[in-house]
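Tertiary structure, described
In case you want the letters, here they are:
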There are 2 protein chains.
Amino acid sequence: MLVDDHPLLRKGLSQLISLEDDLEVICEASSGEEAIATLTHCKPDLILLDLEMKGINGLETLSEIRKLNIQSKVIMLTVSDNETDVLQALKFGADGYLLKDAEPEEIISQLYKALGGELVLSPALNQIIARSIQGTMSTPTIFEKLTKREVEVLKLITQGASNKVIGRTFSITEATVKVHVKNLLKKLNLRSRVEAAVWAVENKITL
Amino acid sequence: MLVDDHPLLRKGLSQLISLEDDLEVICEASSGEEAIATLTHCKPDLILLDLEMKGINGLETLSEIRKLNIQSKVIMLTVSDNETDVLQALKFGADGYLLKDAEPEEIISQLYKALGGELVLSPALNQIIARSIQGTMSTPTIFEKLTKREVEVLKLITQGASNKVIGRTFSITEATVKVHVKNLLKKLNLRSRVEAAVWAVENKITL
DNA sequence: AGTAAACTACCCCTAAAGTAGTAGTTATTA
DNA sequence: TAATAACTACTACTTTAGGGGTAGTTTACT
């Protein structure tokens, strides 16, 4: 099964797969919602799931799929080698994480491996995984540790708001905002609101 | 001609195009550099050019192509509907700007239009174009107005560096760094280094 | 020779950010 | 009931940022 909001990419993949005698695309979806709906009547051995999609994203889709107790293998297919994404995907029970810029032949061979029960990862990700195993991660899925308020504050920081403005927005004092900023910086192991803003943007904290 | 660093997408496109009797893919490239090299011996009527690529990006590639006085039509094909990118592309002489998430049929029909001399744009971009014509743009290609030093400073800001650190990095005083920051904020019409950092990240100023 | 832009550096000043510690309230959970 | 986490608020302090102006140097282009 192919899940990707780019018809072009689906076309490319399905053509590639159709060249293989023992592989077949039995269903497709262009969004996470559609994928979950389709999975009620389509039971693929393997799902190739895009990470970047409108609506619910790939990670959320994966999480839903696992909640529904669907046994298909799931391989994330994406352009991003973002550390947080990779680790989240594996945590949510992905059977693989491949980068879209890989060679087509490599992708196909990885599909077979995954079907055989192997955990497949793009070579480019080895370093990330290694670091996470060593516990040397810079971003050990810290984001979820932020409280609701801290996330709200972070979002406004990303928009360039000062502590004073943030305070007015939430009807709290600037002093309290400073507390939130201090705490979120500590949790994210960052040193300034600038770093926090960049981190938030790069990790696509939705505004 | 197809230029995209994702083999999968090239495959999808070329399959799509091969279904058309009067269209044919005569060459491909997986990077800007490769594209420019290939264009010395391959003269396509139309080039489909990805924006996001490693090495020199799509815009730079387009600029090079125009400098070489190559007469092929060029359509930018990308996932981003970023205002700056769109306007830059048109300024550099693109004959079209299409989003990758468009329907395949639509993309094909746009190719014909472009070959006919039309300027083709994804419908999703209409609003952006309209605003730019009205001069209401938030980002009127301001970036190129930054001096070399200002760009360097901006890059370090994005990495969370303080003015003091930036000064040490370039062996200039903190006071001078402040001058650069002040000037670049004015040029970009931003109010703080946080906004500058976010702007830089969102517009992919390469670090 | 003259002009303009870029880079440098300084002054003065205000505002904003960040650090540290204390502490009260509420809600949840063990 | 006791403990914990989250949110709030404060004081006090230091550092960083940002705005304004002036001005010297170099480089490049008239």
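Within any chain, residue numbers begin from 1 and follow the written order of that chain's sequence. Chains carry letters from A onward and ligands carry numbers from 1 onward, assigned in written order. Reporting in this predicted model follows two pLDDT cut-offs: at least 70 for local features of residues, and 80 or more for side-chain atom pairs to be given and counted; totals over whole chains, interfaces and linings ignore these cut-offs and use all residues. Working from all heavy atoms in the structure, the side-chain values ignore hydrogens and water.

**Considering the state of the cysteines**
Residue and element names in this part refer to chain A.
- Throughout, disulfides are identified as pairs of cysteine sulfur atoms within 2.5 Å of each other. This structure, assessed with the given rule, holds 2 disulfides over all chains.
- Paired by a disulfide, Cys-27 and Cys-42 hold their sulfur atoms 2.0 Å apart. A torsion of -75° about the S-S bond marks the disulfide between Cys-27 and Cys-42 as left-handed. Linking Cys-27 in the loop between helix H1 (7–18) and strand E2 (28–29) with Cys-42 in the loop between helix H2 (32–38) and strand E3 (46–50), this pair joins segments that are 15 residues apart in sequence. For the pair Cys-27 and Cys-42, one class covers both residues: buried. Numbering goes from the N terminus for both helices and strands, where a helix is a DSSP run of H or I of at least four residues and a strand is a run of E of at least two. Buried means the residue's accessible area, taken with a 1.4 Å probe over protein chains only, is under 20% of the maximum for its type, while exposed means over 50%, and partly exposed covers the values in between.

**Overview of the protein's contact with DNA strand C**
- Nearness is defined per residue: one heavy atom within 4 Å of the molecule or strand is enough. In the vicinity of DNA strand C, 17 residues are found, and the nearest of them are Asn163(A), Lys178(A), Thr147(B), Arg149(B) and His180(B).
- Between DNA strand C and Lys164(A), the relevant distance is 2.9 Å, taken from a phosphate oxygen to a side-chain nitrogen or oxygen of the residue.
- Under this definition, polar contacts are N or O atom pairs within 3.5 Å; protein pairs additionally need one hydrogen-donor-capable and one acceptor-capable atom, and for neighbouring residues in sequence, both atoms have to be side-chain atoms. Between DNA strand C and the protein, one listed contact pairs a phosphate oxygen with a backbone N or O atom of Thr173(B) at 2.8 Å.
- Residue assignment for the surface near DNA strand C shows that the elements contributing at least two residues are helix H8 (163–170) and helix H9 (174–188) of chain A together with helix H7 (148–158) and helix H9 (174–188) of chain B.
- With 4 residues, H9(B) is the single largest residue contributor to the surface near DNA strand C.
- Under the convention adopted here, Pro, Cys and the residues Ala, Val, Leu, Ile, Met, Phe, Trp and Tyr are nonpolar, Asp, Glu, Lys and Arg are charged, and Gly plus all remaining residues are polar. For the surface near DNA strand C, the residue count by class is 4 nonpolar, 7 polar and 6 charged.

**Some points on the interface of chain B and chain A**
- Note on contacts: a residue pair is in contact if any heavy atoms of the two residues lie within 4.5 Å. Across the contact, 31 residues belong to chain B and 31 residues belong to chain A.
- Summed over both partners, buried area is the accessible surface (1.4 Å probe) that two parts give up on being assembled. Of the roughly 2,500 Å² buried between chain B and chain A on both sides combined, carbon and sulfur atoms contribute 73%.
- Three residues stand out in chain B for area buried against chain A, namely Leu8(B), Lys11(B) and Val194(B), and they jointly supply 26% of the buried area on that side.
- Mapped by element, the contributors of at least two residues to the side of chain B that touches chain A are helix H1 (7–18), helix H5 (104–115), H7 and helix H10 (193–202) of chain B.

**What to know about the protein's contact with DNA strand D**
- Near DNA strand D, the surroundings consist of 17 residues, among which Thr147(A), Arg149(A), His180(A), Lys164(B) and Arg193(B) are the closest.
- Among the atoms of DNA strand D close to the protein, meaning within 4 Å, 62% are from sugar or phosphate groups.
- Lys182(B) has a polar side-chain atom sitting 2.9 Å from a base nitrogen of DNA strand D.
- If you list the elements that add at least two residues to the surface near DNA strand D, you get helix H7 (148–158) and H9 of chain A together with helix H8 (163–170) and H9 of chain B.
- The element that contributes the greatest number of residues to the surface near DNA strand D is H9(A), accounting for 4 residues.
- In terms of residue class, the surface near DNA strand D is made up of 4 nonpolar, 7 polar and 6 charged.

**As for the packing of H7(A) against H9(A)**
Residue and element names in this part refer to chain A.
- With axes taken as lines fitted to C-alpha atoms, and helix axes fitted only over the stretch in contact, angles between N-to-C directions fall between 0 and 180 degrees. In the contact formed by H7 and H9, the axes pass within 9 Å of each other and the chain directions differ by 95°. Here H7 is positioned roughly perpendicular relative to H9, judged by the angle of their axes. Two secondary-structure elements touch here, H7 through Arg-149, Glu-150, Val-153, Leu-154 and Ile-157 and H9 through Val-177, His-180, Val-181, Asn-183, Leu-184, Lys-187 and Leu-188.
- Here the residues of the contact of H7 with H9 sort into 7 nonpolar, 2 polar and 3 charged. In these notes the angle categories are as follows: under 35 degrees is roughly parallel, over 145 is roughly antiparallel, 65 to 115 is roughly perpendicular, and the rest is oblique.

**Thoughts on the pattern of salt bridges**
- Here a salt bridge means any side-chain nitrogen of Lys or Arg lying within 4 Å of a carboxyl oxygen belonging to Asp or Glu. In this structure the tally under the stated criterion is 16 salt bridges over all chains.
- Between Arg66(A) and Asp95(A) there is a salt bridge, with the nearest N and O atoms lying 2.9 Å from each other. Of this pair, Arg66(A) sits in helix H3 (residues 58–67) while Asp95(A) is found in the loop between helix H4 (83–91) and strand E5 (96–99), placing the two residues 29 residues apart along the sequence.
- Where Arg149(B) meets Glu152(B), a salt bridge forms, and the shortest distance between an N and an O atom there is 2.9 Å.

**Thoughts on the packing of aromatic side chains**
- Note on ring pairs: Phe, Tyr and Trp rings are taken, using the six-membered ring of Trp, and paired if centres are within 6.5 Å. Classes follow the plane angle, with under 30 degrees stacked, over 60 edge-to-face and the rest tilted. Counted by the stated rule, this structure contains 0 aromatic pairs over all chains.
- Should the NZ of a Lys or the CZ of an Arg lie within 6 Å of a ring centre and within 35 degrees of the ring normal, that charge is described as sitting over the ring. The aromatic ring of Phe170(A) is capped on one face by Arg149(A), whose charged end is 4.7 Å from the ring centroid.

**Focus on the sheet that holds E3(A)**
Residue and element names in this part refer to chain A.
- Pairs of strands are assigned from DSSP output, requiring at least two bridges between the strands. Read from one edge to the other, the open sheet built from 6 strands follows the order E2-E1-E3-E4-E5-E6, with strand pairing classed as parallel. Two strands lie at the open edges of the sheet, namely E2 and strand E6 (120–121), each paired on one side alone.
- Sheet topology note: the E3/strand E4 (residues 73–78) ladder contains 5 bridges and is parallel. What sits directly across from Ile-47, in E4, is Val-74.
- Running over the sheet, H3 touches E3 and E4 and is turned about 175° from E4.

Such coordinate-based values are descriptive only and should not be taken to indicate function.
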